[in-house]
Amino acid sequence: MKKIGISYKDLTEKQLNSIIEIVKKGEAYRFTTEEISKQEAISLCSKKGVFSAYLAKIVPEEYLDDQEFMQKFVSIIRPIHYDSVALYASNRLKQNLEFASFCIDKHGEFAISALAGGNDGLYDYSQILLDKNFVLNEIKKIRMKKVFENGKSSEILSEDKANRILTAFVQYSPVIRDNKKLMIRSIKIDPYTYRFIDKSIANDEEVIMAVFESILENGQNYYLAKLIEEPTNKKLKKIRDLCLKISELPANAKTRNLIYRKLAKTMAVSATKSTKTEDSSLISNL
């Protein structure tokens with residue numbers, strides 16, 4: 001790791017932009033704590049928000065382990081087309097309950113994937129996402145969002161934010177994947193999350209019905225093929241094939257809803273009966 005070699009306050013805007021461009025190309029340069037203070041680093045992040053990922057590679061590593069700095073960093077840089085900057089926090093800080101909760105409040109589902117990721121860019125379960133109490137508490141939190149009406153700002157309940165946080169926890173934390181109630185809620189939000197379900201409830205009738213209802217209500221027939229690509233259970237495969245054909249019916253077909261619900265129930269029953277002789281886990285086939 002190379003030092004910048006000059007104090008932040010002595011850099012011209014042109015020199016600073018040149019350093020950022022060099023780092024973007026893969027060169028490893030960092031300020032030292034003597035070259036840039038914590039407040040100056042916060043000011044830099046405010047000015048250069050669009051380069052957030054690269055600023056995390058320029059500021060002193062000590063600041064990435066500093067809760068005050070990282071919470072300011074997270075507050076300044078909103079994730080839109082990129083990861084939450086919580087990704088760059090030290091692994092020690094990512095295990096801090098207060099910091100992790102703060103990040104989720106600010107960045108929602110983006111923070112959860114960031115907390116699951118290491119500074120090396122690899123994803124793995126962090127200890128905090130293995131903490132069932134923490135995960136459940138975050139799911140139960142009342143989520144708010146800011147709205148502007150008549151020039152005034154106020155906060156209202158945000159069901160959409162809460163839903164995205166739940167589905168992110170299903171994807172990045174294994175501790176709730178055997179919770180039937182939460183998994184059904186998640187599947188109804190996004191049928192894709194069924195692929196993460198624990199095999200102990202994968203063939204539960206209510207769960208499977210939730211999958212089909214979710215696919216139908218959200219118009220996501222693509223998932224019919226993806227959820228059960230090569231089932232070892234031949235009955236399930238036949239049902240899958242029927243569903244694909246039915247999905248070709250017009251969206252306003254009167255019998256469509258009834259057929260899907262009946263198939264979902266049939267699928268659940270056939271899966272339950274076959275557990276002793278066939279692999280009943282749909283997950284193993286995803």
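Counting of residues starts from 1 at the beginning of each chain's written sequence and follows it residue by residue. pLDDT decides what is reported in this predicted model: residues at 70 or higher carry local features, side-chain atom pairs at 80 or more are listed and counted, and totals for whole chains, interfaces and linings draw on all residues regardless. Here the side-chain values reflect all heavy atoms present in the structure, with hydrogen atoms and water set aside.

Caption draft 1: Main features of the nonpolar core. For this analysis, a nonpolar core means a set of buried residues of the types Ala, Val, Leu, Ile, Met, Phe, Trp, Tyr and Cys, connected via side-chain atoms within 4.5 Å. Working definition: with a 1.4 Å probe on protein chains only, accessible area under 20% of the residue-type maximum means buried, over 50% means exposed, and in between means partly exposed. Counting 63 residues, the largest nonpolar core has F69, F169 and I176 as the members making the most contacts within it. In contact with I176, other than residues within four places in its own chain, are V135, L136, I139, L166, F169, V170, L182 and M183. Any two residues having at least one pair of non-hydrogen atoms within 4.5 Å are treated as being in contact.

Caption draft 2: A look at the pairing of strand β3 (residues 144-149). When DSSP finds two or more bridges between a pair of strands, those strands are recorded as paired. Put simply, DSSP marks the helices as runs of H or I at least four residues long and the strands as runs of E at least two long, and each gets a number from the N terminus on. Examined bridge by bridge, β3 and strand β4 (residues 152-157) share six bridges and lie antiparallel to one another. Bridge pairing links F148 to S153 in β4.

Caption draft 3: Looking closely at the packing of aromatic side chains. Classification of ring pairs uses Phe, Tyr and Trp, with its six-membered ring standing for Trp, and accepts pairs whose centres are within 6.5 Å; under 30 degrees between planes counts as stacked, over 60 as edge-to-face, and the remaining range as tilted. Considering all chains together, one arrives at four aromatic pairs under this definition. Ring centres 6.1 Å apart and planes at 90° place the aromatic pair Y8 and F31 in the edge-to-face group. Within this pair, whereas Y8 is found in the loop between β1 (2-3) and α1 (13-24), its partner F31 is found in the loop between β2 (29-30) and α2 (38-47), the two being separated by 23 residues in sequence. Take Y8 and F31: they sit in the same class, and that class is buried. When the ring of F69 is compared with that of F73, the centres are 5.6 Å apart and the planes differ by 35°; the resulting orientation is tilted. Here the residue F69 and the residue F73 both occupy positions in helix α4 (residues 67-76), the gap between them amounting to four residues, near one helical turn. Of the two residues examined, F69 and F73, each falls in the buried class.

Caption draft 4: A look at the layout of surface pockets. By volume, the largest pocket amounts to about 620 Å³. Elements with a contribution of two residues or more to the lining of the largest pocket: α4, α6 (97-107), α7 (109-116), β3 and α9 (159-172). Here the lining of the largest pocket takes four residues from α6, the largest share from any one element. Only Asp, Glu, Lys and Arg are considered charged in this grouping, and only Ala, Val, Leu, Ile, Met, Phe, Trp, Tyr, Cys and Pro are considered nonpolar; every other residue, Gly among them, is considered polar. For the lining of the largest pocket, the per-class residue count stands at six nonpolar, four polar and 11 charged. The method works on a 1 Å grid over the protein atoms by themselves. A cavity is a set of points holding a 1.4 Å probe that cannot get out, a pocket is an open set with protein on both sides within 12 Å along at least five of seven lines, and residues with an atom within 4 Å of a point line them. Grid points are joined across faces, edges and corners, and a volume is the space filled by probe spheres set on the points.

Caption draft 5: Spatial organisation of the environment of I42. Considering the arrangement of structural elements, one finds I42 in helix α2. Owing to a relative accessible area of 9%, I42 belongs among the buried residues under this scheme. In sequence terms I42 and E68 are 26 residues apart; their C-alpha atoms lie 9.9 Å from each other. Beyond its immediate sequence surroundings of up to four residues, I42 is in contact with F69, K72 and I76.

Caption draft 6: Structural context of α1. Taking 1.5 Å as the rise per residue, α1 with 12 residues should run 16 Å; its terminal C-alpha atoms sit 17 Å apart, in good agreement. Buried within α1 are the following residues: L16, I19, I20 and V23. Along the axis of α1, the buried positions cluster into a sector of 100°, meaning they face one direction only. Immediately beyond the C-terminal end of α1, within one or two residues, lies G26, with a positive phi of roughly 110°. Multiplying one less than the number of residues by 1.5 Å gives the expected span of a helix. Note that the arc is defined by the directions from the helix axis to the C-beta atoms.

Caption draft 7: Quick look at the pattern of salt bridges. Think of a salt bridge as a Lys or Arg side-chain nitrogen and an Asp or Glu carboxyl oxygen that are within 4 Å of each other. Applying the stated criterion to the full structure yields 11 salt bridges. One salt bridge in this structure joins K2 and E27, with 3.9 Å as the shortest N-O distance. Taken together, the residues span a long stretch of sequence, with K2 in strand β1 and E27 in the loop between α1 and β2 at a distance of 25 residues. The class for K2 is partly exposed, based on a relative accessible area of 45%. According to the relative accessible area criterion, E27 is partly exposed, its value standing at 39%. D160 is the partner of R164 in a salt bridge, and the nearest nitrogen-oxygen pair spans 2.0 Å.

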